[in-house]
Amino acid sequence: MRRTLFLKFLALTLAIGAVIGAVIMVIHAGQRRDQMMGELSAEVATLATRLARPLAAEAGENPVRARDLLGVFAGLPYVICVDFFPTADGPPVSWPPIGCGRMRAGEDLMIPALGAGPEAHYAIRLDRDALDEIMWGDFVVLVALALAVGIAVLLAAAIVFQRIINRPLRQLVRAMTRFEVENVPERVDWKTTDEIGEVAGRYNAMLDREVDRVAELEERREELARLVDRLGEARDAARLERDKAEQALADLKAAQDRLVQAEKMASLGQLTAGVAHEIKNPLNFVNNFASLSRELLEELQTVIDPAVATLDEDARDDAKDLLETLDMNLGKVAEHGGRADRIIKNMLLHSRQGPGTRSRTEVNHLVEESLGLAYHGARAEKRDFQIHLVKHLDPAAGAIDGYPQELQRVLVNLFSNSFYAVGERRGREPAGGFEPTLTVTTEDRGDAVAIRVHDNGSGIPDSVRKKLFTPFFTTKPPGDGTGLGLSLSHDIVVKQHGGTLDVASEPDSFTEFTITLPRHSAEAERAGTAEAAS
Amino acid sequence: MVDDEPDAVTLFRQQFRKEIRQGEYRFAFAASADEALALLEGTAPPADMVILSDINMPGRSGLELLAEVHERWPAIPVVMITAYGDPDTETRALGLGAAAFLHKPVEFAALKALVRSGGRAE
């Protein structure tokens, strides 16, 4: 930009110089030509006047002498030829002898020869080419001079330009660049009163305003950043609150589900208790009368033995057979009555109010004790029962507040189920390929303890899993299970202890029950208080 | 023997058949607490008498009977027999002066031993 401006300035100066030079030269050339012509004409006229008389005297008698006299004109530069006419239409005396020939009007000088007669005159032809040559020489000198002057003027102009325009402009541009690129406000120190000075002053004012505005903007930006920060904090807080609310809602839902389930279980429990009590009384009579009748039958036998002995063999055998059948039938009545009694006892346990005593219970100890009980129970039932027992007991499992007898029932129940499941699988698997294994794990979870009971038995199909904790639901053949074990366990763990009982299983692979028990359970405390109040 | 179930009478009579036949025990049956009290008031109770009473009966309960007998005839031991064997009831019965507390179904061998010792559990 600077260069362009400078070039423009140079071009303008040159153009102006050229025009001025050209005009000067044209005017000067014209004047010079006129001056030279005037001087030459005057010289020629003087000489002509001086020679007029002698020429007029010699022309008639001595033309050669007259021609020699005319030769004086040859001393003058630029004269090509001279014709002297003594009369208006007489022959001229010419120098050189050949003369000028025909006249060239407007080019040849016609000068009257004063003192040689009224008609006498000269016709003189000047060498205009030579004149022009002289003029050209003058012109070249003039141009050279003009150029020198022009260059000097240009140099001066350049210096002036540099001083008054270029330098302040450069300063301005540098200041602008500094501000634009490096963001450094730099005032321009240029205090002239001309336009450049005004531009500099305005630029400085603008810069000041800009600096103020930038400062203000920075302030605004900081305020905005603070606002954005506050907004972010608020958003985070809102998100946290939302998460909390969602969590609370989920907890509430879970609690509601548990309550509904507990309510169902409670009403079912009450119903069960009612039914069980109603059945228990008549069932007691059945059982009592059955065993009593067997005793009576025995007594009867001793009473009638002598009489029977007197009968004939056929009747005796018949009587003996009848008595034995009767005894066997009474035995069946007692056996099935006993079975019904066990079911009812379980049902009553399910719904009873007092869960025993609440105390501090060592979890690992409880697990080992229950496992021993379940194992010996299984051995007592089936002499050839075998299982590989694995225990991973966390030393940090510690103690919980709860009802040890109830928890023992849960664990024994789970272990017994596992024993049953591995037995079932062993019945199906080829011998030797399957090692029944039960793994029990305890785990400290801070304010809760987890107990995992894992077996590699027959597993639980999905269709069964949904009904797993439903009272009276059983997959065992009639007589093997009451369908109350898991339902009861669920009640004890969830309702009594405020814990959870979960199951994971894959058919013919494994089953794992996970019990978690809070170390201090609000629900257990409530149950304890309710018990104390009743 | 106090029980609202008529079959209880039959059951007890059959259980103690031998002893009754041999004249070892005499049985008197009442179907309610009121009937039992009337029986006690009408006849001078023998010295070696033992009352076996159910708890849940229509009208006055076995516990009320127990309380009254204990107050009016403190020498007569009262054995409570019930199907509702919760610890709370047992505590109350023993607190009211019951000589013993038995659960249904009754183990008659134990009952016989108890009656033989005069109603007092050893």
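Residues numbered from 1 in each chain as written. Chains lettered and ligands numbered in written order. Predicted model: local features only at pLDDT ≥ 70, side-chain atom pairs only at ≥ 80, totals over all residues.

A. Here's a closer look at the overall build of chain A. Looking only at helices and strands, chain A has 10 helices and 11 strands in total. The buried share of chain A, taken over its 534 residues, is 22%. A separation threshold of at least 6 residues defines the contact pool for chain A, and within that pool the share at least 24 residues apart is 71%. (Helix = DSSP H or I, 4+ residues; strand = E, 2+ residues; numbered from the N terminus. Buried ≥ 20, exposed ≤ 12 C-beta atoms within 10 Å, placed from the backbone. Contact = placed C-beta atoms within 7 Å.)

B. Layout of helix 6 (residues 363-381) of chain A. Residue and element names in this part refer to chain A. With 19 residues, helix 6 extends 27 Å from end C-alpha to end C-alpha; this agrees with the ideal 27 Å at 1.5 Å per step. If you check which residues of helix 6 are buried, you get Val-363, Leu-366, Val-367, Ser-370 and Ala-374. Within helix 6, the buried residues cover an arc of 95 degrees as seen down the axis, which keeps them to one side. Exposed and oriented more than 90 degrees from the buried face of helix 6 are His-376 and Ala-380. Where helix 6 is buried, its residues touch strand 5 (359-362), strand 7 (399-402), helix 7 (404-428), strand 8 (437-444) and strand 9 (448-455). (Expected span 1.5 Å × (residues − 1). Arc of directions from axis to C-beta.)

C. Region of interest: the nonpolar core. Residues and elements named next belong to chain A. Val-363, Leu-411 and Phe-415 are the most contacted members of the largest nonpolar core, which has 34 residues in total. Among the elements of the structure, helix 4 (195-310), helix 5 (313-351), helix 6, helix 7, strand 8, strand 9, helix 9 (485-496) and strand 11 (510-518) are those that each provide at least two residues to this core. Looking at which element gives the most residues to this core, the answer is helix 7, with 9 residues. When residues no more than four places from it in sequence are discounted, the contact partners of Val-363 are Ala-397, Gly-398, Ala-399, Ile-400, Thr-442, Val-449 and Ile-451. (Core = buried A, V, L, I, M, F, W, Y, C linked by C-beta atoms within 7 Å.)

D. Inspection of the sheet that holds strand 3 (residues 100-103) of chain B at higher detail. All names here are of chain B. Read from one edge to the other, the open sheet built from 3 strands follows the order 1-2-3, with strand pairing classed as parallel. Edge positions in the sheet fall to strand 1 (51-54) and strand 3, since each of these pairs with one other strand and no more. Direction aside, the axes of adjacent strands within the sheet are offset by 25 degrees on average. Sheet topology places strand 1 next to strand 2 (residues 78-82); 4 bridges connect them, and they run parallel. Residue pairing for strand 2: Ile-51 is matched across the bridge by Val-78. (Pairing = 2+ DSSP bridges. Axes fitted to C-alpha atoms, helices over the stretch in contact; angles between N-to-C directions.)

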